[in-house]
Amino acid sequence: MVDRSATMPVPSDDLRRRRRDLWTPPALLVGVALVSSAIGLNMREHEQVLDERGALGSAVVVEADDRGRQLDRVVVDYRVGALSFRTDLRVLDADDFRVGSTIAIRYDPLHPEHARSLEGSLLVHQLLLGVAVMAVVGAAIIALRTPRLVRADTAAVTSGMVTLMHGAPYRRVRGRVIRFFVQDLVGLWPDGADRARPPPLSVKVASGVRPVRPGPVTVVGRPEPGYHVVLVLSGHTVWTTGGLRAGVDRKARPGGGGQ
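Every chain begins its residue count from 1, and numbering advances along the sequence as written. Totals for whole chains, interfaces and linings use every residue, but because this is a predicted model, local features are given only for residues with pLDDT of at least 70 and side-chain atom pairs only at 80 or more, for both listing and counting. Hydrogens and water molecules were not included; the side-chain quantities draw on all heavy atoms of the structure.

I'd like to hear about unusual backbone geometry, residue by residue, with values.
Even without a glycine there, the phi angle at S234 is positive, about 50°. For S234, a relative accessible area of 74% puts it in the exposed group. Relative accessibility under 20% of the residue-type maximum defines a buried residue, over 50% an exposed one, and the middle range a partly exposed one, all with a 1.4 Å probe and only protein chains included.

Following this line, the structure appears as structure tokens:
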């Protein structure tokens, strides 16, 4: 049943929050890019001192720390003239530095505590600049699709079309051994349709904390394949991530959740 004159069940505050939520990830990624690039450029300038005026020397490895997910480090002792120094070095793999071995280093004669190994050194600034580049790319990819989603949500909410249907959650899992991708969907039946049969319509929804349970669903927007709709379940707005499609993915199984 389609009622074009019904009061729209999606509050304007929900639509504003939706727009904010869609634009938040690219904004955060841009922030990550700015911070990472600023720190990385500052560190690169610090490291360039060794390239410009660094002196060669040798150091003894006194500690090698494989830190798992953190950056590996080794601790070395070395002498510059009559002075002794102990310095932490960031390295690609601490297992390559045997305790007690002697390694070649480059140090700053004006600040001898600033040093790095000639082999196997991890240039952290390159890692940070790489993170900045990836963050910018990710922000661009998200930002390109965000206006389309904003327009589609707005068009559905302001379409004046409200359809009462019955919905049930479905889940599509990719990967037999390792479940590397989970997709939540809602199957939809017209009001009064035989729910013993597969749903004639389905739509993808974002996974989240509020489960989608079988029951009445208000579909806001044109209830036809290819059109973007917004769902309202038990008074809660559920945003979809794709257009309506005929039937349901043949590999999807009943159950799962939505937002």
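There's more to say after this.
Before we move on, can you summarise helix α2 (residues 124-157) with the specific residues and values?
Helical periodicity: at 3.6 residues per turn, an α-helix aligns residues three or four positions apart in one direction. Counting from the N terminus, the helices are the DSSP runs of H or I reaching at least four residues and the strands are the DSSP runs of E reaching at least two. Helix span, as expected, comes to 1.5 Å for every residue beyond the first. Across its 34 residues, α2 extends 48 Å between first and last C-alpha, which sits within 8% of the 50 Å expected from 1.5 Å per residue. Throughout, bend refers to the angle between the axes fitted to the seven residues that end at a position and the seven residues that start at it. Of all bends in α2, the biggest is about 25°, found at T146, and the proline P147 comes one to four residues later. Contacts are assigned to residue pairs that have any heavy atoms within 4.5 Å of one another. Next to the buried residues of α2 lie α1 (12-53), β4 (83-91), β10 (215-220), β11 (230-233) and β12 (236-239).

Tell me about the packing of α1 against α2, residues and numbers included.
Remark: α1 packs on α2, axes separated minimally by 8 Å, with the N-to-C direction vectors making an angle of 165°. What the angle tells us is that α1 and α2 run roughly antiparallel. Viewed along their axes, α1 and α2 form a crossing whose handedness is left-handed. Structural elements are reduced to axes, namely lines fitted to C-alpha atoms, with helices fitted over the stretch in contact, and the angle between N-to-C directions of any two is expressed from 0 to 180 degrees. Note that the term roughly parallel is reserved for angles under 35 degrees, roughly antiparallel for angles over 145, roughly perpendicular for angles of 65 to 115, and oblique for everything else. Take the far helix as your reference; a near helix turned counterclockwise from it by less than a right angle gives a left-handed crossing, and one turned clockwise gives a right-handed crossing.

So what's going on with the packing of aromatic side chains? Which residues, and what values?
Pairing of aromatic rings covers Phe, Tyr and Trp, the last counted by its six-membered ring, and requires centre-to-centre distances within 6.5 Å; plane angles under 30 degrees mean stacked, over 60 mean edge-to-face, and any other angle means tilted. Summed over the entire model, instances satisfying the criterion amount to two aromatic pairs. When the ring of Y78 is compared with that of F85, the centres are 5.8 Å apart and the planes differ by 25°; the resulting orientation is stacked. Using a relative accessible area of 4% as the deciding quantity, one classes Y78 as buried. An aromatic cluster is defined as three or more aromatic residues linked by ring pairs; in this entry it consists of Y78, F85 and Y107. The rule is short: NZ of Lys or CZ of Arg within 6 Å of the ring centre and within 35 degrees of the ring normal puts a charge over the ring. R222 extends its terminal NZ or CZ atom over the ring of Y227, reaching a point 5.1 Å from the ring centre.

Before we move on, could you go through the side chain of T237 and cite the residues and values that matter?
Of note, T237 is situated in strand β12. T237 gets classed as buried once you look at its relative accessible area, which sits at 10%. Within polar-contact distance, the side chain of T237 engages the side chain of D14 at 2.7 Å. In protein, a polar contact means a hydrogen-donor-capable atom and an acceptor-capable atom, both N or O and within 3.5 Å, with residues adjacent in sequence counting only if both atoms are side-chain atoms; elsewhere, any N or O pair within 3.5 Å suffices.

So, the sheet that holds strand β6 (residues 111-117): which residues are in play, and what are the values?
When DSSP finds at least two bridges between two strands, those strands are taken to pair. What the five strands build is an open sheet, ordered β4-β3-β2-β5-β6; its pairing is antiparallel. The open sheet has two edge strands, β4 and β6, and neither has a second partner. Going across the sheet, the axis of each strand differs from the next one's by a mean of 45°, ignoring polarity. In terms of strand pairing, strand β5 (residues 102-108) meets β6 through four bridges, oriented antiparallel. Considered in β6, the bridge of D108 is made with H111.

Help me get a handle on the pattern of salt bridges, residues and values and all.
Oppositely charged side chains can pair when the atoms bearing their charge come close. Throughout this description, the term salt bridge denotes a Lys or Arg side-chain nitrogen within 4 Å of a carboxyl oxygen of Asp or Glu. A complete count under the given rule lists 14 salt bridges for this structure. Here R73 makes a salt bridge to D65, at a shortest N to O gap of 3.7 Å. Accessibility expressed as a relative area gives 16% for R73, which makes it buried. Close ionic contact of R86 with D77 constitutes a salt bridge, the shortest N to O distance being 2.7 Å. Accessibility expressed as a relative area gives 57% for R86, which makes it exposed. One salt-bridge network, held together by shared partners, links E63, D65, R73 and D88.

Give me the pairing of strand β9 (residues 201-205): which residues, what numbers.
Most of β9 is tucked away, with four of its five residues classed as buried. Where β9 meets strand β13 (residues 245-246), two bridges bridge the pair, whose relative direction is antiparallel. Opposite L201, over in β13, you have A246 as the bridge partner.

Let's hear about the environment of R53: which residues, and what values?
Assignment of secondary structure puts R53 in helix α1. A C-alpha to C-alpha distance of 7.6 Å links R53 and P109, two positions 56 residues apart in sequence. A polar side-chain atom of R53 sits 2.8 Å from a polar atom in the side chain of D108.

Before we move on, can you summarise a nonpolar patch on the surface with the specific residues and values?
A patch consists of residues exposed above 30% relative accessible area that lack any salt bridge, with like charges linked at up to 9 Å and nonpolar side chains (Val, Leu, Ile, Met, Phe, Trp, Tyr) linked at up to 5 Å. In short, Shrake-Rupley with a 1.4 Å probe defines the accessible areas, and a residue's cover is counted only from the protein chains shown. Taken together, the side chains of V133, V137 and I141 define a hydrophobic patch exposed on the protein surface, amounting to about 270 Å² of accessible area. Among the structural elements, I141 can be located in helix α2.

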